Amino acid sequence: MTIRILGVAGVLAAGMSFAQAQQLAPSPTLDAVKARGNLECGVHLGLPGFSFANDKGEWTGLDVDYCRALAAAVLGDANKVKYTPTSVQQRWPILQSGQVDVLSRNSTITFSRNATLGLNFQGINFYEGQTFIVRKSTGVKEAAGLDGASVCVAAGSTEEKNAADWFRERNLKVTITNFQKNDDAITAYDSGRCDAYTAGVGALAGQRAKLKNPEEHVILTQPISNDPQGPVTRWGDERWQLIVRWVLNGTIAAEMLGVTSKNVDEMKANSKNTEVRRLLGAEGGFGAMMGLSNDWMYNAIKQVGNYGESYERTVGMGSALKLERGQNQLWTKGGLLFTPPFQ
């Protein structure tokens, strides 16, 4: 007797319906999210601009907006999210254990993390570059000027290793002092225990706001690393990974295609652009291919907005951080952001 095992593509080619094919690719994570009625999202302990809770427990930020977009796509409601704050040390075990469905937290994509932690990074939502914050009074203008200085950093972070490698490779001497939490490291720097604090430029912009006298500190413009960041999932649930990845792609594609939270209804009803119509569920049945409603990205864009809208209000010129788009601009405008086509 011959036994044939077909993947979804093979089943479709064999003439079965997609609904039947989907039964061969269950998603325990998607099923759990739908059953409980909310998305469990791991975020930063508190980083302004990315994931930060006010005194009422209301979360905002670029990474939080991604959680909200994912909840809108999966559950139809961007507010159906439970946020779990995670430290540098906690973030991986919390995701690996299943305590959260996705990690949307400023975490750098690296080979070793992808290869050894049982995790997959599902795209890039922020192109980060590591640098340093120093007191203006030091007169330091670039990283090499920190020779002989002490640097505060979060333990177990890519920033800790990057800084050690960068100074060693240039035969420069620094004393690196690590702390369990980013907040502890920035507090130590603020109290004068270190000459500098190192993190990604986006993180530094958020952390500087916490200092006693932010205007007395300057963020160096020279990056020492390339640290792309994005949402993270566990291995072993391919359909959930597909959803997480394409919701991110959808927010970027929406900006590229000119679809915003304000014009999404008009675009869905009247656009002649085939890719816009697929994105918004007017044709193509792309949501059904993942086990979602066909208005999955319509809901995400209507309730949260496209990537550009999110960037502007959380870390961009409409926010307290006032970060230029830079590398996080669309590739058509000189940046690095792009998405595969909705075809």
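Our structure's up above, just so we're on the same page.
First, a word on scope: everything that follows refers to the structure included in this document. Sequence order sets the numbering: in each chain, residues are counted from 1 along the sequence as written. Reporting in this predicted model follows two pLDDT cut-offs: at least 70 for local features of residues, and 80 or more for side-chain atom pairs to be given and counted; totals over whole chains, interfaces and linings ignore these cut-offs and use all residues. To get the side-chain values, all heavy atoms of the structure are used, and hydrogens and water are removed first.

## Notes on the side chain of Glu255
Secondary-structure assignment places Glu255 in helix α10 (residues 238-257). Residues adjacent in sequence count toward polar contacts only when both atoms are side-chain atoms; beyond that, a polar contact is any pair of N or O atoms within 3.5 Å, and within protein one must be able to donate a hydrogen and the other to accept it. A polar side-chain atom of Glu255 sits 3.1 Å from a polar atom in the side chain of Arg325. We call two residues in contact when some of their heavy atoms are within 4.5 Å. Apart from the residues within four sequence positions on either side, Glu255 is in contact with Asn306, Tyr307, Gly308, Arg325, Gln329 and Leu330. Think of it this way: any DSSP run of H or I at least four residues long counts as a helix, any run of E at least two long counts as a strand, and we number them from the N terminus.

## As for helix α4 (residues 62-75)
Each helix should span, by expectation, one fewer than its residue count multiplied by 1.5 Å. Taking 1.5 Å of rise per residue, 14 residues should cover 20 Å, and α4 covers 20 Å from first to last C-alpha, within 8% of that figure. Relative accessibility thresholds used throughout: buried, under 20% of the residue-type maximum; exposed, over 50%; partly exposed, between the two (1.4 Å probe, protein chains only). With 13 of 14 residues buried, α4 lies mostly within the body of the structure. Looking one or two places after α4, you find Gly76, whose phi comes out positive at around 80°.

## Brief notes about the state of the cysteines
Any two cysteine sulfur atoms lying within 2.5 Å of each other are counted as a disulfide. Enumeration over the complete set of coordinates arrives at 2 disulfides. Across the disulfide, Cys41 is cross-linked to Cys67 (sulfur-sulfur distance 2.0 Å). Looking down the S-S bond of the Cys41 and Cys67 bridge, the torsion is -55°, so its handedness is left-handed. Linking Cys41 in strand β1 (residues 39-44) with Cys67 in helix α4, this pair joins segments that are 26 residues apart in sequence.

## Quick look at the sheet that holds strand β8 (residues 130-135)
Strand pairing is defined by DSSP finding a minimum of two bridges between the two strands. Read across the open sheet, the 5 strands follow the order β10-β9-β11-β8-β12; overall the sheet is mixed. Looking along the sheet, the strands with just one partner apiece sit at the ends: β10 (175-179) and β12 (217-219). On average, each strand axis in the sheet is inclined to that of its neighbour by 30°, with strand direction left out of account. The sheet contact formed by strand β9 (residues 150-154) and strand β11 (residues 196-200) spans 2 bridges and is parallel. When the bridges of β11 are listed, Val151 appears paired with Ala196. Axes, fitted as lines to C-alpha atoms, cover a helix only where it is in contact. Angles between the N-to-C directions of the axes lie from 0 to 180 degrees. In this fold helix α8 (residues 182-190) packs onto β8, β9, β10, β11 and β12, with an angle of close to 160° to the strand it touches most, β9. Sheet contacts for helix α9 (residues 201-208): β8, β11 and β12; angle to β11, the most-contacted strand, approximately 125°.

## Examining the pattern of salt bridges
We define a salt bridge as a contact between a side-chain nitrogen of Lys or Arg and a carboxyl oxygen of Asp or Glu at a distance within 4 Å. Under the definition given, this model contains 9 salt bridges. Arg170 serves as the salt-bridge partner of Glu169, at 3.6 Å between the closest nitrogen and oxygen. Classification of Arg170 by relative accessible area gives partly exposed; the value is 40%. We note a salt bridge from Lys302 to Asp265, for which the minimum N-O separation is 2.5 Å. One end of the pair, Lys302, is in helix α13 (residues 296-303); the other, Asp265, is in helix α11 (residues 264-270), with 37 residues separating them in the sequence. Its relative accessible area of 36% is what places Asp265 among the partly exposed residues.

Everything listed here is a matter of geometry and, on its own, says nothing about what the molecule does.
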